[in-house]
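Chain residues, written in single-letter form:
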Amino acid sequence: MMAYGVQHIAAMYAGVVAPPLIVGEAMGLPPIEMTLLIGASLFTAGLATMLQSLGIWKIGARLPFVNGVTFGSVAPMLAIVAQQGQQQSLSVIYGSVLIAGLLAFLIAPYFSRMVRFFPPVVNGTVITLIGLALMPVGIKWIAGTDSSAPDYAAPEKIALGAVTFVLVLLFNRFLKGFWNRIALLIGLVAGTLIAWPMGMINTTTFESAPVFNLPVPFALGAPMFDLTATISICIVMLVAMMETTADMVALGEIVDRPADERTIAAGLRADGAGSALSAVFGGFTCSAFAQNIGLVALTRVRSRYVVATAGGVLVLLGLFPIVGAVVSLVPQPVLGGAALVLFGSVATSGIRTLGKSDLADPFNSLIVAGALGIGLIPVVAPHFYEHFPSALRTVLDSGISTGCIAALLLNLLFNAWRKKPAESEATVGGDTVAVIATAPGEAPGPVPEPRKSAKEDFSSESVR
């Protein structure tokens, strides 16, 4: 059980530590605070995973479901950092995550019934935007954030990022089984080892990182509340709830326990409670990790207690910040090279979700085109909204927030009031068959087989 649990951690560890690394770097946190931030993310991911897999009362899907920091919250948090400054941005983030978590907990039973209003065309567009909006972060890690610095886009930085990028791809291509699942971590380790003789590793973190640290509520910042920042994180939480619902449906099929409305509501409550608890101990929004669902399908180890064991190990890792110090050794160009693959995978997941919608429908194509166009504005032109009121820029400067709002509104405009075709009948080869139309925004399903003719149904053999 321990071995299988550690395997789950290997599959999701990089995804848990990447968001605090991104936000910490944007805030310019010193190494010791960066270590504590990573430790808090590991600790709270472990708590959320155990809550989701073991369950308490009506909280938790009780499936082998791994929870951790969602990538969707990174872009809005970076916008909050840009607007609030380095001193109080963490407090504003924690206040927003706390409200978003409580909101998710309260609306979980209602949201489980309203999933039909979020078709794949909306969900896929939002997930694609998440990956695209994060791409500039990885590029800045490689080249640097200050274009006037002497080492900006230095050849050795670009070379190191490119080598890491290629290594991650090669490891994913040629490694098998368990090693393939940790190809990203192996790439980070290999890139760090290459950077060591180049003098690009800072080892001073070990001098200040404590071996053991018990997370204390609000130690990294007491929550502060900002309306626009809260709206931005709440939008991300709604998107995370959509993803969690889809993941629960997929996982239920894999473990032969279909996720009904009650299971989905319990799982969404765990997302909300885990996120609120995460904000108390210094973490961020929590949601399902899809790569671990793939691991369940691959290994066919379906026990939820294996995942609960993984959550316990995550808690132990969070209690020992020295582990976070090891992660912080990774140079930014190495992290950037691996991040391009990671963020690209998120975008690919969104494209895969879009494949479930009928993009041959011109209305669906317009929804995707319009939402991507609006959502990519702050990505390609970060200062586009600089003359807008600061209260609005927290939402507008986040491509994920504006893109999600645009996708929802456009879907309402083009699909909500379209007449849904009813089931009809047609004649095929003299036989009557049912023609079942799909709802707007969904791809058509398989064509039903024709009914047997009367001659076939009432043959002498069938009568006997």
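Check the entry above for the structure.
What comes next is a walk through the structure. (Residues numbered from 1 in each chain as written. Predicted model: local features only at pLDDT ≥ 70, side-chain atom pairs only at ≥ 80, totals over all residues. Heavy atoms only, no water.)

**Focus on the overall build of the chain**
Secondary structure summary: the chain contains 21 helices and four strands in total. For the chain, the proportion of its 464 residues judged to be buried stands at 51%. If you take every contact in the chain between residues at least 6 apart in sequence, the share linking residues at least 24 apart comes to 80%. Working note: accessible area of the chain is about 21200 Å², and carbon and sulfur atoms make up 66% of it. (Helix = DSSP H or I, 4+ residues; strand = E, 2+ residues; numbered from the N terminus. Buried < 20%, exposed > 50% of the residue type's maximum accessible area, 1.4 Å probe, protein only. Contact = heavy atoms within 4.5 Å. Areas by Shrake-Rupley, 256 points an atom, 1.4 Å probe, with all protein chains shown as cover.)

**Some words on the packing of helix α2 (residues 31-54) against helix α11 (residues 261-281)**
Taken N-terminus to C-terminus, the directions of α2 and α11 make an angle of 155 degrees; their axes are 9 Å apart at the nearest point. It follows from the interaxial angle that α2 and α11 lie roughly antiparallel. At the point where α2 passes α11, the crossing takes the right-handed sense. When α2 is examined against α11, the residues Ala40, Phe43, Thr44, Leu47, Ala48, Leu51 and Gln52 are found in contact with a partner set consisting of Ala266, Gly267, Ala270, Asp271, Ala273, Gly274, Leu277, Ser278 and Phe281. (Axes fitted to C-alpha atoms, helices over the stretch in contact; angles between N-to-C directions. Parallel < 35°, antiparallel > 145°, perpendicular 65-115°, else oblique. Left-handed = near helix turned anticlockwise from the far one by under 90°.)

**Notes on the nonpolar core**
In this structure, Ile93 and Phe284 are the most contacted members of the largest nonpolar core, which totals 95 residues. Once residues within four sequence positions are removed from consideration, phenylalanine 284 is found in contact with Pro19, Pro20, Val23, Leu37, Ser41, Val69, Met77, Leu90, Ile93, Tyr94, Val97 and Ser278. Within the second largest apolar cluster, ten residues are counted, among which are Leu354, Val368, Ala406 and Ala407. (Core = buried A, V, L, I, M, F, W, Y, C linked by side-chain atoms within 4.5 Å.)

**A word on a nonpolar patch on the surface**
A cluster of nonpolar side chains, namely Val211, Phe212, Leu214, Leu316 and Phe320, defines an oily patch on the protein surface of about 490 Å² accessible area. Mapped onto the fold, valine 211 is located in the loop between α9 (205-208) and α10 (227-254). (Patch = residues over 30% accessible without salt bridge, like charges linked within 9 Å, V, L, I, M, F, W, Y side chains within 5 Å. Salt bridge = Lys/Arg side-chain N within 4 Å of Asp/Glu carboxyl O.)

**Section: the environment of alanine 338**
Relative to the helices and strands, alanine 338 resides in helix α15 (residues 332-354). When its relative accessible area of 4% is taken as the criterion, alanine 338 is described as buried. Residues alanine 338 and leucine 169, 169 residues apart in the sequence, show an inter-C-alpha distance of 9.0 Å.

**Section: unusual backbone geometry**
You will see that tryptophan 57, though not glycine, has its phi angle at about 55 degrees, which is positive. Along the polypeptide, tryptophan 57 turns up in the loop between α2 and β1 (67-69). The phi torsion at aspartate 256 lies on the positive side, around 60 degrees, for a residue other than glycine. Here aspartate 256 lies in the loop between α10 and α11. For aspartate 256, a relative accessible area of 59% gives the class exposed.

**Digging into the packing of helix α5 (residues 120-143) against helix α19 (residues 399-416)**
Viewed as axis vectors pointing N to C, α5 and α19 meet at an angle of 165 degrees, and their least axial separation amounts to 9 Å. The angle between α5 and α19 falls in the class roughly antiparallel. Between α5 and α19 the crossing geometry is right-handed. Contact with α5, carried on its side by Val121, Val122, Val126, Leu129 and Ile130, involves Gly399, Ile400, Gly403, Cys404, Ala407, Leu408 and Asn411 of α19 and no other residues of that element. Within the contact of α5 with α19, the residues separate by chemical class into nine nonpolar, three polar and no charged. (Nonpolar A, V, L, I, M, F, W, Y, C, P; charged D, E, K, R; others polar.)

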